[in-house]
Protein chains: 2
Amino acid sequence: MALDDTRRGAARMRDVARVAQVSTMTVSRALMDPGKVSPEVRARVAEAVAAVGYVPNKVAGSLSSSRSKVIGLVVPSIENSLFASTIQGISDVLRRHDHQLMIADSGYSAEAEEAAIRAFLEQRVAGLILHDTTHTPDAVSMIRRSGVPVVENGTLTPEPLDMVVSYSNHDASRAMTQHLARLGYQRIAFVSLPASANQRSRDRQRGYKAALEELGHGFDPRLMLEMPPGLASGAEALLRLMEGGGHPDAIFFAGDVLAMGASLECARRGWPVPGKVAIAAFDNFDLLGHLVPPVTTLKLPRLEIGRRSAEVLLDRIQGRSSAAISVDLRFEIIHRGST
Amino acid sequence: MALDDTRRGAARMRDVARVAQVSTMTVSRALMDPGKVSPEVRARVAEAVAAVGYVPNKVAGSLSSSRSKVIGLVVPSIENSLFASTIQGISDVLRRHDHQLMIADSGYSAEAEEAAIRAFLEQRVAGLILHDTTHTPDAVSMIRRSGVPVVENGTLTPEPLDMVVSYSNHDASRAMTQHLARLGYQRIAFVSLPASANQRSRDRQRGYKAALEELGHGFDPRLMLEMPPGLASGAEALLRLMEGGGHPDAIFFAGDVLAMGASLECARRGWPVPGKVAIAAFDNFDLLGHLVPPVTTLKLPRLEIGRRSAEVLLDRIQGRSSAAISVDLRFEIIHRGST
DNA sequence: TTGTAAGCGTTATCAG
DNA sequence: CTGATAACGCTTACAA
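Here's a quick rundown of the structure. Small disclaimer: the values here were computed from a predicted structure and weren't measured.

Let us look at the sheet that holds strand 8 (residues 250-254) of chain B. Residues and elements named next belong to chain B. Taken together, six strands build an open sheet; the order of strands is 7-6-8-9-10-12 and the sheet is mixed. Looking at the sheet topology across the chains shown, the edges are occupied by strand 7 (224-226) and strand 12 (332-334). Direction aside, neighbouring strands of the sheet carry axes that sit 15° apart on average. Of the strand pairs in this sheet, strand 10 (residues 296-299) and strand 12 are connected by three bridges, and their pairing is antiparallel. What sits directly across from Lys299, in strand 12, is Glu332. Here helix 8 (residues 169-182) sits on the sheet and contacts strand 6 (188-192), strand 8, strand 9 (278-282), strand 10 and strand 12; the angle it forms with strand 9, its principal contact strand, is near 165°. Along the sheet, helix 10 (residues 231-242) makes contact with strand 6, strand 7 and strand 8, crossing strand 8 at roughly 145°.

Written as structure tokens, this is what we have:
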């Protein structure tokens, strides 16, 4: 009785095989590589699949073939919308190539990142994408031993684990600082997230200082601030700098939310921008452009970073490349009314 | 030779067993349920694990035990920051309970959602969280047959697949409309995303109309608009309504980005808010509060929805509950300067 | 083109 | 507390 399926639970390949009157191998072939099976049998199998409501078990498949179509991604924070674009880019490409995405959140901690990486390796993911570029020694050795391909994409790190797809935080920060100088600003302040927390902030600070040096501007510690993330934090940074004795004529916020907070605080106080002080930002092209005045910012290839990360990873996984490549994506300065 | 590991590839449990001079079952126990193994053996196993760099293979484990610690989540769009909070909430709870998260993106299409659900079921996830509440018939029957627990959380749907954790889009929209009326506004306009796209927009439209009816305000089609998402779209909606002959004295944007676009457009044109027109929004509590003037909005429990969704799902998976519960989380009206 | 047999690396089960 | 053995559901490798 072909349809006599009294078993509990999901149908297995064996059930399909029985109904289609072929072996499980033939079912497997009909599903994985239909060309290897006669059209007649292919049709019988398709029917049987529908009849029993068969959903292939990829867990068994992965174990048997030691291949997997799951990619693991670790971001510092899922909630931060900056990462959202990159995740979207990754997700788009993976879906097109029939792969799945597992996401974990490190909360900006290398220990949590290690735990996430371990969990992914336990799931035998086919590849990893890591936003951060600093990892615990154990994380590094686990990854090395496992042999899974890895893409890092938070900053263009000089010593990658494997592959990198990013832009240069250092160069972007330097370029914006120089841009402000070219516009005639003399006392350019710089606000970033704490450098201790991550390499991206450090790179941006270095870029700022490099530009000052090239410009012969001399570094004034009263013009450099580290702030926690948040809108309120940006407003506070603005006030601290304006009242701090450094007398900035422009402030470069290496963090989009900080810049937004500062811009809105100026609006609230009726301070003319750039009349009282110019404001420049890092990232978040869209929203900053709609503020009054629209804020000069760096346009970063967030979505593209995600896409390319997924692409180079898949290339490697599918054997189309073997190089430890480093992809430097372009940033752009968007000059607007705030400077 | 205990450390003579000339095999290629990752160490297996068998290798650990050999080094620790026990059977694989003992290794398995020492790892899964240390209490069942003598302290002495436990220590030997721990040593062996470290020595060979063993990373358990959960793929094999899942196949053998037919259990999995992976949860599948389908959201309409990863890039949309609204979902980001919910994802964060889910991720937090899952991590605490040692579970993994797989995410897929449906791009607001039920067919893509079905594909994502199929992929998750193929991976034999332990549970599903779906943001959307409308599904293809095939998706529904696949889920039913598989028996995996499901949480829907986009809106408080009256006919859930299984469990629901959400707030009532209908009630929230109605409450805001009534709030505006209580403030004295007579001609309250309503802008939402296209209702054809999803049930959330439909619920919000219904809520608006229900409030008008209760208030005896009569529905004026010139005061209702559907717009695509985006900042520019909000600005355009504002202009269309102000010039459209409906003469609104307040506009309720059932979409945070739309409201932001409108608010910024008013700032750009120097229109006093609420002098010329009042503005109210749906969601995105934080940023809207920093605009000038700060925008009245609904505060929705995005993060909490994520947390509770994960919690009820885990409760079910771990057998602590069996009910098809429906959790109604609270929203709040935040009254600010824009009204 | 199709089938048979032997794993893949764990855990369930039952015996000691 | 520990171990032997048989699954779990699929794919690889080889044979027909």
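Turning next to the protein's contact with DNA strand C. The full set close to DNA strand C counts 23 residues, and A:Thr26, A:Arg29, B:Ser28, B:Ser64 and B:Arg67 are the nearest of them. Of all atoms in DNA strand C that approach within 4 Å of the protein, 61% are sugar or phosphate atoms. In this structure, a phosphate oxygen belonging to DNA strand C sits 2.3 Å away from a side-chain N or O atom of B:Ser28. A distance of 3.4 Å is found between a base nitrogen of DNA strand C and a backbone nitrogen or oxygen belonging to B:Ala60. For the surface near DNA strand C, the secondary structure elements donating two or more residues are helix 2 (24-32) and helix 4 (58-65) of chain A together with helix 2 (24-32) and helix 4 (58-65) of chain B.

Residues and elements named next belong to chain A. Of all six residues that make up strand 1 (residues 70-75), six are buried, and the element is covered over most of its length. Side chains Val70, Gly72 and Val74 project from strand 1 onto one buried face, and the interleaved Ile71, Leu73 and Val75 project onto a second face that is buried too. Two strands pair when backbone bridges link them, and strand 1 and strand 2 (residues 100-105) are joined in this way by six bridges, in the parallel orientation. Paired with Ile71 across the two strands is Leu101, which belongs to strand 2. Relative to strand 3 (residues 127-130), strand 1 runs parallel, the two being bridged by four bridges.

A few words on the interface of chain A and chain B. If you look at the interface, chain A gives 48 residues, while chain B gives 48 residues. Between chain A and chain B, the buried area comes to about 4500 Å², and carbon and sulfur atoms account for 62% of it. Applying the counting rule to chain A against chain B returns four salt bridges. The salt bridge partner of B:Lys58 is A:Glu122, with a shortest N-O separation of 3.9 Å. Here chain A and chain B share 20 residue pairs in polar contact (both at pLDDT 80 or more) between them. When residues of the side of chain A that touches chain B are traced back to their parent elements, those giving at least two are helix 4, helix 5 (81-96), strand 2, helix 6 (110-122), helix 10 (231-242), helix 11 (256-269) and helix 12 (285-288) of chain A. Sort the elements by how many residues they give to the side of chain A that touches chain B and helix 5 of chain A lands first, with seven residues. Grouping the constituent residues of the side of chain A that touches chain B by class yields 26 nonpolar, 12 polar and 10 charged.

Here the focus is helix 3 (residues 39-52) of chain B. Residue and element names in this part refer to chain B. Its 14 residues place the ends of helix 3 20 Å apart at the C-alpha level, agreeing with the 20 Å of an ideal helix rising 1.5 Å per residue. Val41, Val45, Ala48, Val49 and Val52 are the residues of helix 3 that are buried. In an axial view of helix 3, the angular spread of the buried residues amounts to 105°, which keeps them on one side of the axis. Turned more than 90 degrees from where helix 3 packs its buried face, Pro39, Glu40, Glu47 and Ala50 sit exposed. Those residues of helix 3 that are buried are in contact with helix 1 (13-20) and helix 2. At the C-terminal side of helix 3, Gly53 shows a positive phi close to 65°.

By size, the foremost hydrophobic cluster in this structure holds 139 residues, and its most contacted members are A:Val191, A:Phe253, B:Val191, B:Leu238, B:Ile251 and B:Phe253. Counting 37 residues, the second largest nonpolar core, distinct from the first, contains A:Phe120, A:Val125, A:Val140 and B:Phe120.

Turning our attention to the protein's contact with DNA strand D. Taken together, 24 residues form the shell around DNA strand D, and within it A:Ser28, A:Tyr54, A:Arg67, B:Thr26 and B:Arg29 come nearest. The sugar and phosphate moieties of DNA strand D supply 61% of its atoms located within 4 Å of the protein. Contacts to DNA strand D include B:Ser23, whose backbone N or O atom sits 3.1 Å from a phosphate oxygen. At a separation of 2.3 Å, a base oxygen of DNA strand D approaches a polar side-chain atom of B:Arg29. Among the residues making up the surface near DNA strand D, the classes are represented as 10 nonpolar, 10 polar and four charged.

Here we come to the pattern of salt bridges. Inspection of the entire model under this criterion finds 40 salt bridges over all chains. With a closest N to O distance of 3.0 Å, A:Arg222 and A:Asp220 form a salt bridge. The buried category is assigned to A:Asp220, whose relative accessible area is 12%. Of the charged contacts, one joins B:Arg320 and B:Asp315 as a salt bridge, the two residues approaching to 2.7 Å between their closest N and O atoms. According to the relative accessible area criterion, B:Asp315 is partly exposed, its value standing at 26%.

Rules and cut-offs
- Residues numbered from 1 in each chain as written.
- Chains lettered and ligands numbered in written order.
- Predicted model: local features only at pLDDT ≥ 70, side-chain atom pairs only at ≥ 80, totals over all residues.
- Heavy atoms only, no water.
- Pairing = 2+ DSSP bridges.
- Helix = DSSP H or I, 4+ residues; strand = E, 2+ residues; numbered from the N terminus.
- Axes fitted to C-alpha atoms, helices over the stretch in contact; angles between N-to-C directions.
- Contact = heavy atoms within 4.5 Å.
- Near = heavy atom within 4 Å.
- Polar contact = N/O pair within 3.5 Å; in protein donor to acceptor, adjacent residues only side chain to side chain.
- Buried < 20%, exposed > 50% of the residue type's maximum accessible area, 1.4 Å probe, protein only.
- Buried area = accessible area lost by both parts, 1.4 Å probe.
- Salt bridge = Lys/Arg side-chain N within 4 Å of Asp/Glu carboxyl O.
- Nonpolar A, V, L, I, M, F, W, Y, C, P; charged D, E, K, R; others polar.
- Expected span 1.5 Å × (residues − 1).
- Arc of directions from axis to C-beta.
- Core = buried A, V, L, I, M, F, W, Y, C linked by side-chain atoms within 4.5 Å.

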